[in-house]
Amino acid sequence: MKKENFHVQQILAGNIKMDTQTMFHTNGDVNIFPCGWVDEQVTTGGCRQPKGRMTIEEDGTSHFHAYRHNSGSRYTYLYMTENGEVKRTRKNLVVKIVLPLGIGRIAIIEALTRQIAEIINYIKSLKENMVWK
């Protein structure tokens, strides 16, 4: 199983330099195509969809930094309600409630009111000198 996990994590066939044509779209999309004379296999087979952050400088110099795999969640979960959760990152407290639309307007209002009150009571119950970091 460990060997299979390594194969899933390996996105590219290796470190490859490639001449490309790059198209920057006004909506933020970027298309990168290998030039016609390039004859390299980039992936280890098939299409890959890496997750990461792309930075584009004023002059078009661009960098894509892949997110690390198996580095754990960026969130620390603090409290959960029926449809919600309170979690934190290094810099933010995140409160999220997801309600189905099919339950109706009144039920949505009641669920929101009840669960927000639960979350507020949870935060009130914390020690005043709690370090969030």
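Below you will find a few notes about this structure. Nothing here was measured: the structure is a model prediction, and the numbers come from that model. (Residues numbered from 1 in each chain as written. Predicted model: local features only at pLDDT ≥ 70, side-chain atom pairs only at ≥ 80, totals over all residues. Heavy atoms only, no water.)

Comments concerning helix H2 (residues 105-125)
Side chains of residues three or four places apart in an α-helix project in the same direction, reflecting 3.6 residues per turn. What counts, and what does not: Helix and strand definitions follow DSSP, with helices as H or I runs of at least four residues and strands as E runs of at least two, each counted in order from the N terminus. Given a helix with a known number of residues, its expected span is that number minus one, times 1.5 Å. Partly exposed describes any residue whose relative accessible area lies between the buried limit of under 20% and the exposed limit of over 50%, with all areas from a 1.4 Å probe on protein chains only and scaled to the type maximum. Each direction from the helix axis to a C-beta atom contributes to the arc, which is the arc of those directions. Contacts are residue-level and defined by heavy atoms, with any inter-residue pair within 4.5 Å sufficient.
Here H2 spans 30 Å end to end across 21 residues, near enough to the 30 Å set by a 1.5 Å rise per residue. By the burial criterion, the buried members of H2 are Ile108, Ala111, Gln115, Ile119 and Tyr122. The arc that holds the buried residues of H2, viewed along the axis, is 70°, so those residues lie on one side. Looking at H2, the residues exposed on the side facing more than 90 degrees away from the buried face are Arg105, Thr113, Lys124 and Ser125. Of the surrounding elements, those touching the buried residues of H2 are strand E5 (76-80), strand E6 (84-88) and strand E7 (93-97).

A few points about the pairing of strand E4 (residues 62-66)
To be explicit about the condition: Between any two strands, at least two bridges found by DSSP are needed for them to pair.
Relative to E4, strand E3 (residues 52-56) is paired through five bridges, and the arrangement is antiparallel. Bridge pairing links arginine 53 to histidine 65 in E4. The hairpin turn running from E3 into E4, its antiparallel successor, is five residues long, and glycine 60 in that turn takes a positive phi close to 95°.

With respect to the packing of aromatic side chains
Rule in force here: Within 6.5 Å between ring centres, the rings of Phe, Tyr and Trp (the latter by its six-membered ring) count as paired, and their orientation is classed by plane angle as stacked under 30 degrees, edge-to-face over 60, tilted in between. Geometrically, a lysine NZ or arginine CZ counts as sitting over a ring once it is within 6 Å of the ring centre and also within 35 degrees of the ring normal.
Evaluation of the coordinates by the stated rule reveals one aromatic pair. With a centroid separation of 4.7 Å and 15° between ring planes, the pair formed by tyrosine 79 and tyrosine 122 is classed as stacked. A residue pair is termed long-range when its members are at least 10 positions apart, and tyrosine 79 in strand E5 and tyrosine 122 in helix H2 qualify at 43 residues. Looking at tyrosine 79, the relative accessible area reads 24%, which means it is partly exposed. If you follow lysine 87 out to its NZ or CZ, it ends over the ring of tyrosine 75, 4.0 Å from the centre.

What about the pattern of salt bridges?
What counts is decided by this rule: What counts as a salt bridge is simple: a side-chain nitrogen of Lys or Arg found within 4 Å of a carboxyl oxygen of Asp or Glu.
The tally for this structure, following the rule as stated, stands at two salt bridges. Notably, a salt bridge pairs arginine 114 with glutamate 82, separated by 3.0 Å at the nearest N-O pair. Placement of arginine 114 in helix H2 and of glutamate 82 in the loop between E5 and E6 is noted, with a sequence separation of 32 residues between them. Taking relative accessible area as the criterion, glutamate 82 reaches 62% and is therefore assigned exposed.

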